[in-house]
Amino acid sequence: MTSPAFFEYLLRLGDDRLVVGHRLSEWCGHGPILEEDIALTNIALDLIGEATLLLKLAGQVEGKGRSEDALAYFRDGIDFRNALMLELPKGDFGFTILRQFFFSVYSLLQMEALTRSANADLSGIAAKAVKESRYHVRHCAEWVVTLGDGTDESRARVQGAVDDLWRYTGELFIADDIDREVASAGLGVDPSTLSDRWHSEVSRVLDDATLTIPKTGYMQRGGRDGKHTEHLGHMLSEMQIVARSYPGASW
Amino acid sequence: MVKRAALSRDELFAVLETVMDPEVPVLSVVDLGIIRDAESTDAGVVVTITPTYSGCPAMREIEQNIRTAFEEQGIGPVDVRTVYSPAWTTDWISASGREKLEAYGIAPPGPADQDTLITLRRRAEVLRCPYCKSLNTVEKSHFGSTACKSIWVCNACRQPFEHFKAI
């Protein structure tokens, strides 16, 4: 089956997880404690695993013989379709945890809906991702409360992360023609339908954490159209250099 | 390669019982519940497996070990196929597999969580220490040495141990 809209949609799903998974993997060897180092890289492993399956399916849907590796390592930034929030540098631990919390809640709601996709491959990938995301959400939510309702230092840092990241949350729920086409075909989910539940779940945890959501103002967007921040290119240069320097290498 | 046609499902599973999980070497791939089907066809043996976690790095090694196990018995060719639906759950780990896990020092999983709501706090989980059998245990980390495990410690015998997470 080839479908340009479904291909684009799968790139968005795959790129979100590849990019934030890579950002998490940057914590390998740098976690604040050993257990957390392991936790962040475990979550990274789940997300990069999900990205592998989604990009593999994207390549099949595109029908031009591109593998998941070709899509991950041989596209330039302008061809990536991830949300901007996910490409921002990893920041401090509070920033990483808060971003991961925002994304994990989003991913859980999205994947729950995608278990009903008319595409059997996608519904199978989603069923597995739901189980994984549930662990990610709980882990991150506990840390958000621990840091937010913690010391002056931890609270200030994680509140700063809320203030910095909030303007990137709007993009997650914007539906365009591609989203509407795959949703009406029963293949994908319209992201705007996830917004209410995401906001209520996230607000509940931020309340528990004594954190405040900034007044809604300008929301950043562009990732779905390949208009990225300056950070993505630097990230890709590191992520892709081995594959591009030694094409076809295996070990 | 010698092809032995028309092996029964039981005979195929007997071979698969000898293939151990590389990370938990007391557990066969059958105990682990990742074998969805095995049949012998005119073209050879077809084994259908499902991954435990999306990013589990042991899957390729498991596929290779399955092929090797059959080839060592002169059976082949072996086609290992992967399916993603229905998604693997720890409920598929066999009863004998659970006993082997505990004897190996890994607390086996409880029933998989069917809760679709986002729960901020985890359910209070009570685990039995696989070493001294005390119930006075506490989770130290939600994530362990592999994607499928968490890290616990027993307050009675002070022994850290791993838990196979229910998913």
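## Observations concerning the overall build of chain A
Stage number 1. Looking only at helices and strands, chain A has nine helices and zero strands in total.
Stage number 2. Along chain A, helices and strands appear, N-terminal first, in the series α-α-α-α-α-α-α-α-α.
Stage number 3. For 251 residues, the compact-globule formula gives about 18 Å, and the C-alpha radius of gyration of chain A, at 18 Å, lands near that figure.
Stage number 4. On the principal axes, the C-alpha backbone points of chain A span a range of 55 × 40 × 30 Å.
Stage number 5. Residues classed as buried in chain A amount to 48% of the 251 residues present.
Stage number 6. Of all intrachain contacts in chain A linking residues separated by at least 6 positions in sequence, the fraction that spans at least 24 positions is 74%.

## Considerations on the domain arrangement of chain B
Size of an interface, as often reported, equals the accessible area lost when the parts are brought together.
Residues and elements named next belong to chain B.
Stage number 1. Taken domain by domain, chain B comprises domain 1 (9-88) and domain 2 (95-164).
Stage number 2. The centre of domain 1, based on its C-alpha atoms, is set 26 Å off from the matching centre of domain 2.
Stage number 3. Taken together, the contact pairs 10 residues of domain 1 with nine residues of domain 2.
Stage number 4. Residues that form the side of domain 1 that touches domain 2 fall into these classes: six nonpolar, two polar and two charged.

## Here we look at the sheet that holds strand β2 (residues 44-49) of chain B
Sheets are built from strands that pair by backbone hydrogen bonding, the pairs being arranged parallel or antiparallel.
Residue and element names in this part refer to chain B.
Stage number 1. Strand order across the open sheet formed by three strands is β1-β2-β3, with mixed pairing between neighbours. With partners counted over all chains shown, the strands left at the sheet margins are β1 (35-41) and β3 (78-82), one partner each. Ignoring which end each strand starts from, the neighbouring axes of this sheet average 15° apart.
Stage number 2. In the sheet, β1 pairs with β2 via six bridges, with the strands oriented antiparallel. Opposite Glu 39, over in β2, you have Val 46 as the bridge partner.
Stage number 3. Sheet contacts for helix α1 (residues 9-16): β1 and β2; angle to β1, the most-contacted strand, approximately 120°.

## Focus on the sheet that holds strand β5 (residues 137-141) of chain B
All names here are of chain B.
Stage number 1. Spatially, four strands are ordered β4-β7-β6-β5 in an open sheet, and the strand pairing comes out mixed. Of all the strands in the sheet, just β4 (106-107) and β5 have a single pairing partner and so form its edges.
Stage number 2. Taken together, the two bridges between β4 and strand β7 (residues 160-164) define a ladder with parallel strand orientation. The residue bridging Ile 106 from the neighbouring strand is Glu 162, located in β7.

## Observations concerning the interface of chain B and chain A
Stage number 1. Contacts between the two partners involve 21 residues from chain B and, on the opposite side, 31 residues from chain A.
Stage number 2. A per-class count over the side of chain B that touches chain A returns 11 nonpolar, eight polar and two charged.

## Overview of the nonpolar core
Residue and element names in this part refer to chain A.
Stage number 1. Leu 10, Leu 54, Ala 58, Val 105 and Val 144 are the most contacted members of the largest nonpolar core, which totals 106 residues.
Stage number 2. Considering each element in turn, this core owes the most residues, 13 residues, to helix α2 (residues 34-62).
Stage number 3. Not counting the four nearest positions on each side in its chain, Ala 58 is found in contact with Phe 7, Leu 10, Leu 11, Gly 14 and Leu 71.

## Some words on the packing of helix α1 (residues 4-25) of chain A against helix α7 (residues 177-184) of chain A
Residues and elements named next belong to chain A.
Stage number 1. Two elements in contact, α1 and α7, have axes whose closest approach is 9 Å; the angle formed by their N-to-C orientations is 110°. Between α1 and α7, the angle is such that the two are roughly perpendicular. Contact with α1, carried on its side by Ala 5, Phe 6, Glu 8 and Tyr 9, involves Ile 178, Glu 181 and Val 182 of α7 and no other residues of that element.
Stage number 2. In terms of residue class, the contact of α1 with α7 is made up of five nonpolar, no polar and two charged.

Definitions and limits used
- Residues numbered from 1 in each chain as written.
- Chains lettered and ligands numbered in written order.
- Predicted model: local features only at pLDDT ≥ 70, side-chain atom pairs only at ≥ 80, totals over all residues.
- Helix = DSSP H or I, 4+ residues; strand = E, 2+ residues; numbered from the N terminus.
- Rg over C-alpha atoms; globule rule 2.2 N^0.38 Å.
- Buried ≥ 20, exposed ≤ 12 C-beta atoms within 10 Å, placed from the backbone.
- Contact = placed C-beta atoms within 7 Å.
- Domains from an automatic or database assignment.
- Nonpolar A, V, L, I, M, F, W, Y, C, P; charged D, E, K, R; others polar.
- Pairing = 2+ DSSP bridges.
- Axes fitted to C-alpha atoms, helices over the stretch in contact; angles between N-to-C directions.
- Core = buried A, V, L, I, M, F, W, Y, C linked by C-beta atoms within 7 Å.
- Parallel < 35°, antiparallel > 145°, perpendicular 65-115°, else oblique.

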